[in-house]
Structure formats: C-alpha cells, structure tokens
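# Fold and geometry: a report
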Amino acid sequence: MIAPIPERRPLLGRPPRRRLRSSGVSPPGRAAVWIDRLRGHAFLRGVAVVVGGTAAAQLITLAFSPLITRLYGPEIFGVQGIFLAAVGLVLPFANLAYGASIVLPATDNEARALFRLSVLISLAVTALSTLVFGIFHRDIAEAIGFTAPSQLLWLAPVTILVIAVAQPFHHWLARKKQFGALSRISVAEATIVGGAKTAVGFVAATAPVLLTSVALAGLLKLALLWTSARDTLVPGKRADQDPPVPLRDVAYRYRDFPLFRAPHDWLNGLSHNIPSLMLAALVGPVAAGFYVLSYRVVSLPITVISAAVGTVFLPRIAEASHRSERLRPLLLKGTAALAAVGLLPFGIMIAFAPWLFSLVFGAEWTAAGDYARWLSLWFYIVFIGSPAYQAIPILGLQGHLLAYEIVVLALRTSALAVGAFVYQDGTVAVALFAVVGMLVNISQIGWCIFSCDRRLRSGI
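I will try to describe carefully the structure that is included in this document. These figures come from a predicted structure and were not determined experimentally.

## Focus on the overall build of the chain
- Summing up its helical and strand segments, the chain has 16 helices and zero strands in all.
- For the chain, the residues scored as buried account for 49% of the 460 residues in total.
- Within the chain, residue pairs in contact and separated by at least 24 positions form 83% of the contacts whose partners lie at least 6 positions apart.
- For the chain, the exposed surface amounts to about 21700 Å²; the carbon and sulfur share of it is 68%.

Below, the structure written as structure tokens:
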C-alpha cells in the first residue's frame, strides 16, 4: 500500500495564496492583509516614518522657495553656495567621521564612547577653524570668489560646529530607531527656518541675513536633537552599569573612519561643491546661484527618500552582518526599489525642468532649470545607490573607496573645467560634470554589489 503524500506545510509567517481564495476573502480583504504585513515590517515602517517626516520638511521648504528666490535673487544664492562650499571643505574632518560609526557597535556603551569622541574632535576642529577664518578671512574670501564682506566668513566655524555635532546625534537616534523624532525635527526646522528667511527677507534680503540663517538653522536642529536623544544617550546610574569604554579603544577599533571615510567624504564633498567655486570664479556668482538652486531642487528625492532609506538601512545591514546573513539580496532589493521609485521625479525634471523653474521661481531662474535637467541624470544614479553606499563600511571597503574617490574627483573636475574653460558656458560645464558623475556612480553601485558576501568588516 502506497503511503499518502503528506500535506506540504506553509512557510512560517507566509500563508499560501490559495488559503485566501478558498476562504472567500475578497480583494479588499486581501489588500488589508498585505497592509497589515507591511505595518508589521520593522524596516519598511521605519522607512515610512523617516520618509514621511523628511518629505513634509522638504515640501515646507519648497513652499517657501518661490518667495525666497524672488526676495534674494541668484547672486545672493551664489554667495550662499560659495559659503557652504567653504564650510564643506572643513566639515568632513570636523569629527573625523567617527559620528557615522555610531550605529555599528554591538553595545550602547561602545556607541556612547564613539559619540563622546566625535564631540571632542568637533570642538578641537572648530577651535582651529575659528583661528584660521579669523586671521585669514580676507585671503580666503579672495581665493574662493566670495563677493560679500569677508567678515561673514566668521560664521563658518559656528556652522561647522553645529553640523559636526549634529551628525553623532542623528546617528544615535537612528541606532535607537527613534525615526519619529528625526522626522519631527526635520519638520520643525524647515518650518521655522523657512518662515524666518521669508519674514526677514521682506525687510532686508541680503547675504548676511541668508548666511546667518544657515548658522541659526544648525543651532536649532542641534537643540532639537539633544532634546530627543538625552534620555537614551545619558546612561542611568545602576549598580550593574557597565564601565565606560575608553575612547582610545574605540578610536583604534574604528580607525578606518578617520583614515579612509573622512578623506573620502572630503573628496566627495569637494567634487559636489567645486562647481559653485569654479562657476563663481570663471562665469560669475549668478551662475553659482543657478547651480545652488538646481542642486537643491534636484536633490530633493535623495533627501526625502534615498537618505531616509539609508538612515534605516545602515542599522538593518549592520544587524544582518552581526547575524552573518547574506548581504547581497538586501542590496539588490533596496537598489531595485529605489530605481523604480526614482523614475517619476527625475523623469519629470529631465523633461520639464526649465519650464518648471521659470514657473515656480521666476523667469530669471530658467537657466537653473537647464542645469537641473542635466543634474537629474546624475542624481538618479546617486538616488538608487544609497543602499550600496551605506554598506561600504560593513564590507570593509573604505580604503578602496578612498582611492576610487580620488580618481572620481579628477574626472569630475576635468569635465567641469572643459566646460568652463573651453566652452565658457555654465550649462555645458554642468552637463559634462553630471554625465561623468552618472557613469562613475554606476560603477560604484556595481562594485559594492559584486563585493557583497565576499568581504565583511572584521570584528563588527
């Protein structure tokens, strides 16, 4: 007698579809089941919270933009872009990238040690930058084409400090999965800063007002981050409390961050900021203003969605590494999902950017729309590459990434120089810059995915 074939049991947590059909569940009922599953998915829920808050903040910023661009004009925006580029030259070394490593340790004590180390380094770098900007502000202003009063560069150390200290707070909240707090902070900052710029702009739409608002926005964000993080960041006093981890130990264990990540971030920031400096020097501050606005608008999907995914993805992939899970499927799924999501916003910018910029920001910003059309090609690839970039420290590839970024900087700068020197046209310069950026970012994504499950950071 042939034994009956046993019924195949469904996988845990994944009931077969025939059960829904046989039980008479209607399509709306099946949709409700899938919605419940999505709500129960911790990663997707975290992404949704961060995306919602960041999207609201960016929509608020965008709502103020038509007023702000008409009040301040391209030239003042160009001055702001040059100021931020100068800050960007120092910022990657402000905490030696130790702030970005806070999500990686297995214990909170070790993460707190990294936080303390990041803040101490930020204070030291700020003191040094205060001395440099205070003594050489006139020389620096002349070198970078800063047309506003050079004394405004004294705001640079303040901006450097608040942004550098905000980074470890941000990563601490991401480590503790307090994504709702991060979202609320983004919305509050966008509302207050946008309203202040607009209100003051009706009275005095000047470069000092715009640059002061940058520093004050950083201070506001830092205060909000401290309010949200202090309860979990400051350990309670218990008899069995683990002793603090020595700063020297974590500084050595995560030494690849100052050795490789900080120089890489500096080179990457330079390649993003150098168009503002070169356009201001070779074409004029108005061209730099066009670039600043186009960069800000085109990067909105990255700020809203891609960066939010990265905020949630890094703790997720770190946990997967602790559990020795395969990482390549995580990267492939994240990259494919962002590729689908990004088609609509970037496709609209490629097709209609000049018309949209003229309609929303005023006719004098039409040229910024031409810049935005080309930048959209590059930023679409940056958008879908967020999971791969977040995985680099987990894969132990930060040393390779530094060498890669040196080559990338040379290629991007050369492309920009050809457009500015040979063609003497800002749009051509930005177009060549964007095409080179697109190609090198495609290679970076492929490199990270190929390296998955072959290299893992030792000791995480």
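## Quick notes on a nonpolar patch on the surface
- On the surface, a nonpolar cluster with roughly 650 Å² of combined accessible area is contributed by L282, V283, V418, F421, V422, Y423 and L432.
- Residue contributions to the nonpolar patch peak at three residues, all from helix 15 (residues 398–422).
- Relative to the helices and strands, L432 resides in helix 16 (residues 426–451).

## A short note on unusual backbone geometry
- Positive phi, normally seen in glycine, also occurs at L96, with a value near 55 degrees.
- Looking at the element boundaries, L96 is found in the loop between helix 3 (42–90) and helix 4 (108–144).
- Positive phi outside glycine occurs at A97, with the angle close to 70 degrees.
- Structurally, A97 is set in the loop between helix 3 and helix 4.

## Observations regarding the pattern of salt bridges
- A full pass over the atoms with the stated rule returns four salt bridges.
- For the salt bridge of R175 with D108, the shortest nitrogen-to-oxygen distance reads 2.9 Å. Taken together, the residues R175 in helix 5 (residues 155–175) and D108 in helix 4 connect sequence positions 67 residues apart.
- For D108, a relative accessible area of 24% translates into the label partly exposed.
- Put simply, K176 and D108 hold a salt bridge, and the shortest N to O gap is 2.7 Å.

## Overview of the side chain of E110
- The topology assignment puts E110 in helix 4.
- We classify E110 as buried; its relative accessible area is 11%.
- With near-sequence residues (within four places) excluded, E110 lies in contact with P105, V245, V250, R253 and Y254.

## Side note on the environment of A415
- Inspection of the secondary structure puts A415 in helix 15.
- Note: C-alpha distance between A415 and V430 (15 residues apart in sequence) is 8.5 Å.

## Considering the environment of W447
- Along the polypeptide, W447 turns up in helix 16.
- In this structure W447 comes out as partly exposed when scored by relative accessible area, which is 22%.
- Measuring from C-alpha to C-alpha, the distance between W447 and A388 comes to 8.8 Å, with 59 residues separating the pair along the chain.
- When neighbours within four sequence positions are excluded, W447 is seen to be in contact with L397, H400 and L401.

## Concerning helix 4
- With 37 residues, helix 4 should reach 54 Å at 1.5 Å per residue; the first-to-last C-alpha distance of 42 Å falls well below that figure.
- At F136, helix 4 shows its strongest bend, of approximately 80 degrees.
- G145 lies just past helix 4 and shows a positive phi near 75 degrees.

## What to know about the packing of aromatic side chains
- All told, the structure shown has 15 aromatic pairs when counted by the stated rule.
- Ring centres of Y295 and F379 lie 5.1 Å apart, and the angle between their planes is 85 degrees; on these two criteria the pair is classed as edge-to-face. Placement of the pair is Y295 in helix 10 (residues 285–298) and F379 in helix 13 (residues 366–384), with a sequence separation of 84 residues.
- With relative accessibility at 2%, the residue F379 sits in the buried group.
- Measuring from ring centre to ring centre gives 5.6 Å for F346 and F383, while their planes differ by 65 degrees; the resulting arrangement is edge-to-face. Taken together, the residues F346 in helix 12 (residues 328–361) and F383 in helix 13 connect sequence positions 37 residues apart.
- Take F346: its relative accessible area is 2%, and that puts it in the buried class.
- Here a set of aromatic residues connected by ring pairs shows up, and it is made of Y291, Y295, W378, F379 and F433.
- Positioned above the aromatic ring of Y252 is the side chain of R255, whose terminal nitrogen or guanidinium carbon lies 4.1 Å from the ring centre.

Quick notes on the rules
- Residues numbered from 1 in each chain as written.
- Predicted model: local features only at pLDDT ≥ 70, side-chain atom pairs only at ≥ 80, totals over all residues.
- Heavy atoms only, no water.
- Helix = DSSP H or I, 4+ residues; strand = E, 2+ residues; numbered from the N terminus.
- Buried < 20%, exposed > 50% of the residue type's maximum accessible area, 1.4 Å probe, protein only.
- Contact = heavy atoms within 4.5 Å.
- Areas by Shrake-Rupley, 256 points an atom, 1.4 Å probe, with all protein chains shown as cover.
- Patch = residues over 30% accessible without salt bridge, like charges linked within 9 Å, V, L, I, M, F, W, Y side chains within 5 Å.
- Salt bridge = Lys/Arg side-chain N within 4 Å of Asp/Glu carboxyl O.
- Expected span 1.5 Å × (residues − 1).
- Bend = angle between axes of the 7 residues up to and from the residue.
- Phe/Tyr/Trp six-rings, centres within 6.5 Å; stacked < 30°, edge-to-face > 60°.
- Lys NZ or Arg CZ within 6 Å of the ring centre and 35° of its normal.

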